[in-house]
Amino acid sequence: MDAEQRILSGKEAARGGIGAGIGREREQVRSAGGAWRSAAGVAFVRIVSLLACLFLWHILVILNVNWPLQFGNLPHPAAILSAWFTNLQTASYYNDILVSSYRVFSGIALGFIAAVPLGMWIGLTRVGRNTLFPNLELLRPIPLIAYLPVAMLLFRTIEGSIVFITFIGAFFPILISSRDAATRVSPSLIQAARVLGCGPLRAIWRVYLPAAAPEIFTGVSVGIGASWMGVITGEMMSGQTGIGYATWQAYHLLDYPQSIIGMFTIGALGFGSSALIRLAERALLRWR
Amino acid sequence: MHIEVREAAKTYYSGGKKWIDALSGIDLSIRDREFVCLLGPSGCGKSTLLRLIGGIEAASSGTVLCDGKPVVGPSPQRGFIFQDYALFPWLTVRQNIRFGLQMRKETKNKSRAIAEQYMQLFGLEEAASLYPKQLSGGMRQRVAIARALCLQPRLLLMDEPFAALDAMLRHNLQEEMVRVWQREKVTVVFVTHDVEEAIFLADRIVVMTPRPGTIRAVVPVELPRPRSRTDSRFVELRAGILRLLYEESRGDKHPMHLSESMNADAWANNQSDKMTIPI
C-alpha cells in the first residue's frame, strides 16, 4: 500500500459508517472480475455454483465416500431427478401437496383470526395483559410437536388435530407481533385521530390496525414457517396423506429418492408461501 | 374562540419519589381571533400548556376554559397541529384530509367537496393521491394544517409546526400561516422556540421559562402586518426578548449580572403591567 492509497483509505474510514463500508465492498466486487457487471453474469455465476453443488453430491455418491458422513447411502442426484419427473405425472404427488397446503392455509387463517384481536387486546388493555397473556406465555415455549398428544385427544379426526398444530404454529408469532405493534403505534397518530373526532372503538379499525399491519405481516410470515413445520411433523407422526406423510413413508419403504424429493418439495412450498406473503404485503401496504 | 387558563399546573411523576413541575401557576387569557405565540427554551412547558388547552392532557390543578366551558378532552373544534405532522401514513393526502370529515359523518359528496376545496387552498391538488412518505416536510405540514382546518375549528393549536423545516420553507409557511389566520377567522396558539418566528406571527408573545414552567412575560407585538424581519423595531424587539430569555437562563448560576441598559426583571414586569413595549 503506497502513501497515496493509505491517505485515500484513511479518508474513506474518516467518512465512517455505512457509506464507507459500502464503498469498500463495491471496490472489492469490481476487482473480482467482469462477471458481476451484468444481471446475466450474476445469473450465470449462481447457476454454475448450483451445478457445482450437484456435481459434488454426484461425486460423493459415485465414489461411495463414507467419511465423515455416509454420503454413499444417499440416492444419486440423477435418480432423484428422474423420479421427480415421474412424480410430476402422478396425481398423488399433487394431492399430497394440495392436502398439506390446505392444512397450512387453514391454520394460518384461523390463527390470524384469533391472534390479531387477542394480540391487540393484550397490547392495549391492562385486563388482557394480566389475564390472558400470562397463560399464553406458559404455552408459547412448548415446541409444536409436544402439542400433538393433546391435539389427538381434543379432536376426533386426524385432520382436525393436524390443522390444530398448524394453527398453534401460526397463532403465537401473529399474537406477539400484533401485541407489539399495538403498543408501538405512534402516540401522536392516536392523539391526531382523537382530535379529529375518532372515538376509541373506531380508532381500532382506522388507526391501530392499519398502523400495526406491517408488523402483523412479519408475524404472519414467521407463522407460516412454523405452520409448515407443524404440518410436516403432524403428518409424519399421525397422517395418512400429505407431503410430510409421503416423505416419511418413502423412507420406510426404502424409496430414498422419494424422501429426498419430499424434502425439497417441502422446502419449495415454504419458499413459495413466503413469496406469496411478500406479494400480498406489497399489494396491501403500498404506502410503505 | 376565547380561552381562559386559571392557576393551571401540571406535574409529571418521574419514578421513585421524584415529581417534575412541568407547569406551575399559569394564568393566561386569549381573545377570540388572536394570534398568540408561546415562546421559550425546551423544558419550559410551552408544549404542555398547548396540550392542556387542546384537551390532549389534563391539568393537575387549575382550569382551562374555552368560551367559558371547561376543557375535558380533545375536540375537532380545537384543531391540533403536531410537530411530526401526525399524518396517517397509510392514507393518501386526500384520504388524510377527509379523515375528520368522515368522523363527523359528512355525506360522501360533501366531504369530497370540502377536501377538494382545502387541497386547492393549500396547493395540494397535484399531490392528492400521494402517500405522506412521498411528500416533502413542507407539503406534509400543509396537509396536516388543511386536515385540521377543513373541520372549520374555532381554534388552531400548533406545536412547533415548522421546527423541522429549512429556513426558506419556514419563512414561506409563516407567511402562508398569517394569510390563513386572517382568512379563516380562527384563534391561533402557536408554540415555538424561535424568537423571530414568534415576532413575525404573533399579536402577543407569551415568554415562558423552565423549572418550573412559568410565564415570564407577555409581550404584545404592535408591528403592522405584513411584517418585515429587517425593520428596526422588529430587530429591537427581538433583542429585548432574547435578553429576557438569556438572562433568565443565566439567572440560576450568576445571580443577576445585569448590566447597563435594561434589567430583565424590571422590563418583564413592566411588560406584564402595561402591555406595551419600549421601542
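Residues numbered from 1 in each chain as written. Chains lettered and ligands numbered in written order. Predicted model: local features only at pLDDT ≥ 70, side-chain atom pairs only at ≥ 80, totals over all residues.

**Describing the overall build of chain A**
The cut-off we apply is this: Working definition: helices are DSSP H or I runs of at least four residues, strands are E runs of at least two. Numbering for both runs from the N terminus. Residue burial here comes from a neighbour count, namely the number of other C-beta atoms, placed from the backbone, that lie within 10 Å of the residue's own C-beta, with 20 or more meaning buried, 12 or fewer meaning exposed, and in between meaning partly exposed. The contact rule is simple: place each C-beta atom from the backbone, and if two of them lie within 7 Å, those residues are in contact.
Looking only at helices and strands, chain A features 12 helices and 0 strands. Ordered by position in the sequence, the α and β elements of chain A form the string α-α-α-α-α-α-α-α-α-α-α-α. Residue burial in chain A is summarised as follows: out of 288 residues, 29% are buried. Within chain A, contacts between residues at least 6 apart in sequence are counted, and of these 69% link residues at least 24 apart.

**A look at the overall build of chain B**
Along chain B, the regular secondary structure elements total 8 helices and 10 strands. A burial count over chain B gives 44% of its 279 residues as buried. Partitioning the intrachain contacts of chain B with sequence separation of at least 6 by distance along the chain shows that 68% fall at a separation of at least 24.

**Re the sheet that holds strand β4 (residues 61–66) of chain B**
Consider a sheet: its strands pair through backbone hydrogen bonds, and that pairing is either parallel or antiparallel. Residue and element names in this part refer to chain B. Rules: A pair of strands is labelled paired if DSSP reports no fewer than 2 bridges between them.
In spatial order, the strands read β2-β1-β4-β5; together these 4 strands make up an open sheet with antiparallel pairing. The sheet terminates laterally at β2 (19–30) and β5 (69–70), the two strands that pair on one side only. Looking at chain direction, strand β1 (residues 3–13) and β4 are connected through 5 bridges and run antiparallel. When the sheet's bridge partners are listed, A9 is paired in β4 with S61.

**So, the interface of chain A and chain B**
By a widespread convention, an interface's size corresponds to the accessible area lost as its parts come together. To keep things clear, this is the line we draw: For this scheme, ten residues count as nonpolar: Ala, Val, Leu, Ile, Met, Phe, Trp, Tyr, Cys and Pro. Four count as charged, namely Asp, Glu, Lys and Arg, and the remainder, Gly too, count as polar.
With 11 residues of chain A at the interface, the matching set in chain B holds 18 residues. Residues of the side of chain A that touches chain B, tallied by class, amount to 7 nonpolar, 3 polar and 1 charged.

**Let's talk about unusual backbone geometry**
Here the residue pair W67(A) and P68(A) is connected by a cis peptide bond, since its omega of 0° sits within 30 degrees of zero. Position of P68(A) among the secondary structure elements: in the loop between α3 (39–62) and α4 (77–87). Put simply, R225(B) and P226(B) share a cis peptide bond, and its omega is -5°. Position of P226(B) relative to the elements: it lies in the loop between β10 (214–220) and α7 (232–251). Residue L254(A) is not a glycine yet carries a positive backbone phi of 60°. Within the fold, L254(A) resides in the loop between α11 (243–252) and α12 (256–284). On the basis of neighbour count, L254(A) is assigned to the exposed category, with 8 C-beta atoms found within 10 Å. With a phi angle near 65°, K105(B) is a residue other than glycine that sits in the positive phi range. As for its placement among the helices and strands, K105(B) is situated in the loop between α2 (93–103) and α3 (108–121).

**What to know about the sheet that holds strand β3 (residues 35–39) of chain B**
Residue and element names in this part refer to chain B. The following threshold applies: In this description, a line fitted to the C-alpha atoms serves as the axis of each element, helices being fitted only across the stretch in contact, and the angle between N-to-C directions of two axes falls anywhere from 0 to 180 degrees.
Strand order in the open sheet made by the 6 strands is β6-β7-β8-β3-β9-β10, with mixed pairing throughout. One side of each edge strand has no neighbouring strand; the edge strands of this open sheet are β6 (78–81) and β10. For this sheet the average axis-to-axis angle between neighbouring strands, irrespective of direction, equals 15°. Looking at chain direction, β3 and strand β9 (residues 204–209) are connected through 4 bridges and run parallel. Bridging from a neighbouring strand, L38 pairs with V206 of β9.

**Focus: the confidence of the model for chain B**
Residue and element names in this part refer to chain B. As a reminder of what qualifies: Confidence scores here are pLDDT values: one per residue, from the predictor, ranging 0 to 100.
Per-residue pLDDT for chain B has a mean of 88; in total, 89% of the residues score no lower than 70. Predicted confidence for residues 252–267 stays below pLDDT 50, and this span has 12 contacts to residues more than four positions away or in other chains. Confidence drops under pLDDT 50 across residues 269–279; counting only partners more than four residues distant or on other chains, this segment forms 16 contacts.

**A closer look at the pairing of strand β8 (residues 187–192) of chain B**
Residues and elements named next belong to chain B. Counting buried positions over the 6 residues of β8 gives 6, a clear majority of the element. Alternating positions in β8 separate into two faces, T187, V189 and V191 on one and V188, F190 and T192 on the other, with burial throughout. Relative to β8, β3 runs parallel, the two sharing 5 bridges. Bridge assignment links C37 to a residue of β8, and that residue is F190. Pairing of strand β7 (residues 155–159) with β8 involves 5 bridges; the strand directions are parallel. For D159, the partnering residue across the bridge sits in β8 and is V191.

**Some details on α12(A)**
In an α-helix, one turn spans 3.6 residues; hence positions three or four apart end up facing the same way. All names here are of chain A. Here is the rule we go by: Helix span, expected: 1.5 Å multiplied by one less than the number of residues in the helix.
An ideal rise of 1.5 Å per residue puts 42 Å on 29 residues; α12 measures up with 42 Å between its terminal C-alpha atoms. For α12, the complete set of buried residues consists of P257, Q258, I260, I261, G262, T265, I266 and S273. Buried residues in α12 make contact with α4, α5 (91–124), α10 (200–238) and α11.

**What to know about the environment of R140(A)**
Along the polypeptide, R140(A) turns up in the loop between α6 (126–139) and α7 (148–154). Spatially, the C-alpha atom of R140(A) lies 29 Å from that of F264(A), the residues being 124 residues apart in sequence.

**Digging into the packing of α5(A) against α6(A)**
Residue and element names in this part refer to chain A. For the record, the criterion: What sets the label is the angle itself: under 35 degrees gives roughly parallel, over 145 gives roughly antiparallel, 65 to 115 gives roughly perpendicular, and the rest give oblique.
The geometry of α5 relative to α6 is characterised by a closest axis approach of 6 Å and an angle of 125° between their N-to-C directions. If you check the angle between α5 and α6, you find them oblique. Residues L118, W121 and I122 of α5 pack against G128, R129, L132 and F133 of α6.

**Looking at the nonpolar core**
Under the convention used in this document: Think of a nonpolar core as buried Ala, Val, Leu, Ile, Met, Phe, Trp, Tyr and Cys residues chained together by C-beta atoms that fall within 7 Å.
Residues C37(B), A146(B), I205(B) and V207(B) are the most contacted members of the largest nonpolar core, which totals 126 residues. The element that contributes the greatest number of residues to this core is helix α8 (residues 158–184) of chain A, accounting for 14 residues.

**Side note on the pairing of β1(B)**
Residues and elements named next belong to chain B. Alignment of β1 against β2, held across 8 bridges, turns out to be antiparallel. Bridge pairing links Y12 to I20 in β2. Connecting the antiparallel pair β1 and β2 is a turn made up of 5 residues, with G15 showing a positive phi of about 90°.

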